[in-house]
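Below are the chains, spelled out letter by letter.
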Amino acid sequence: TDEEIDARSKRIDLAHEPDFAVGPIQVQPSLRKITGLCGEAMLEPKVMQVLVALGSTGGTILSRDDLIERCWEGRVVGDTSINRVISLLRSGIKTVAGDDVKVENVPKVGYRLIATEHATEAASAQSGAANDEPRPAAKSAAESSGAGKRIYTWVAGGVIAIAALVAAFFVM
């Protein structure tokens, strides 16, 4: 509709954006602060603009061009700039909400902000609200915990390598 197109093309001014929630995360754009069950984080202005843009769509996808129009005021920016901001946003969200809220990349299309069903239910229960319109669910728990498993694998591999070096030193 025309309203959706207007909303997508509106420049984001953090000073005038209202506070909102995404799953368990409370977003305060004017303060550049996000607060969740795991703590709070301050975001860079551009990162907060992207969060506001993604949060205002109700889980629908925003293309890179939509983000450039709303957050970079239509200036020409490279993929590296967008990737950096998305990475910082993901880190900030993970800090305050763990795996309950994610920025999903839809290849060749764009990005969307999603809250797991568990996070949406917990946030609704916390606020005492009736069953709000749920956000799209995140992928699977196995996919969301992959980074943690990789870290443990690297640590275990490092411990084994050090043990092998120590053993080889004493055998000599």
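Residues numbered from 1 in each chain as written. Predicted model: local features only at pLDDT ≥ 70, side-chain atom pairs only at ≥ 80, totals over all residues. Heavy atoms only, no water.

The next subject is unusual backbone geometry. Backbone geometry places Glu-73, a non-glycine residue, at a positive phi of 55°. Assignment of secondary structure puts Glu-73 in the loop between helix H3 (64–71) and helix H4 (79–97). Residue classification places Glu-73 among the partly exposed positions, given a relative accessible area of 40%. Within the chain, Lys-108 stands out as a residue other than glycine whose phi angle is a positive 65°. (Helix = DSSP H or I, 4+ residues; strand = E, 2+ residues; numbered from the N terminus. Buried < 20%, exposed > 50% of the residue type's maximum accessible area, 1.4 Å probe, protein only.)

Turning to a nonpolar patch on the surface, a few remarks are in order. Taken together, Ile-162, Val-166, Phe-169 and Phe-170 make up a surface patch of nonpolar side chains, about 480 Å² in accessible area. Summarising the element assignment, Phe-170 is placed in helix H7 (residues 146–171). By relative accessible area, Phe-170 is classed as exposed at 64%. (Patch = residues over 30% accessible without salt bridge, like charges linked within 9 Å, V, L, I, M, F, W, Y side chains within 5 Å. Areas by Shrake-Rupley, 256 points an atom, 1.4 Å probe, with all protein chains shown as cover. Salt bridge = Lys/Arg side-chain N within 4 Å of Asp/Glu carboxyl O.)

Now for H4. Its 19 residues give H4 an end-to-end C-alpha distance of 26 Å, which sits within 8% of 27 Å, the value for a rise of 1.5 Å per residue. Taken together, the buried positions of H4 are Ile-82, Val-85, Ile-86, Leu-89, Gly-92, Ile-93, Val-96 and Ala-97. Viewed end-on, H4 has its buried residues packed into an arc of 125°, placing them on one side of the element. Looking at the residues trailing H4, positive phi occurs at Gly-98, about 60°. (Expected span 1.5 Å × (residues − 1). Arc of directions from axis to C-beta.)

Turning our attention to the environment of Glu-40. Mapping Glu-40 onto the fold places it in strand S4 (residues 39–42). Glu-40 sits 15 residues away from Ile-25 along the chain, and the two C-alpha atoms are 9.1 Å apart. Residues contacting Glu-40, with those up to four places away along its chain left out, are Lys-33, Ile-34, Thr-35 and Val-96. (Contact = heavy atoms within 4.5 Å.)

Next up on the list: the pairing of S4. A regular strand carries its side chains on alternate faces of the sheet. One ladder, built from four bridges, connects strand S3 (residues 33–36) with S4; its direction is antiparallel. In the strand pairing of S4, Thr-35 is matched with Glu-40. Hairpin connection between S3 and S4: a loop of two residues separates the two successive antiparallel strands. (Pairing = 2+ DSSP bridges.)

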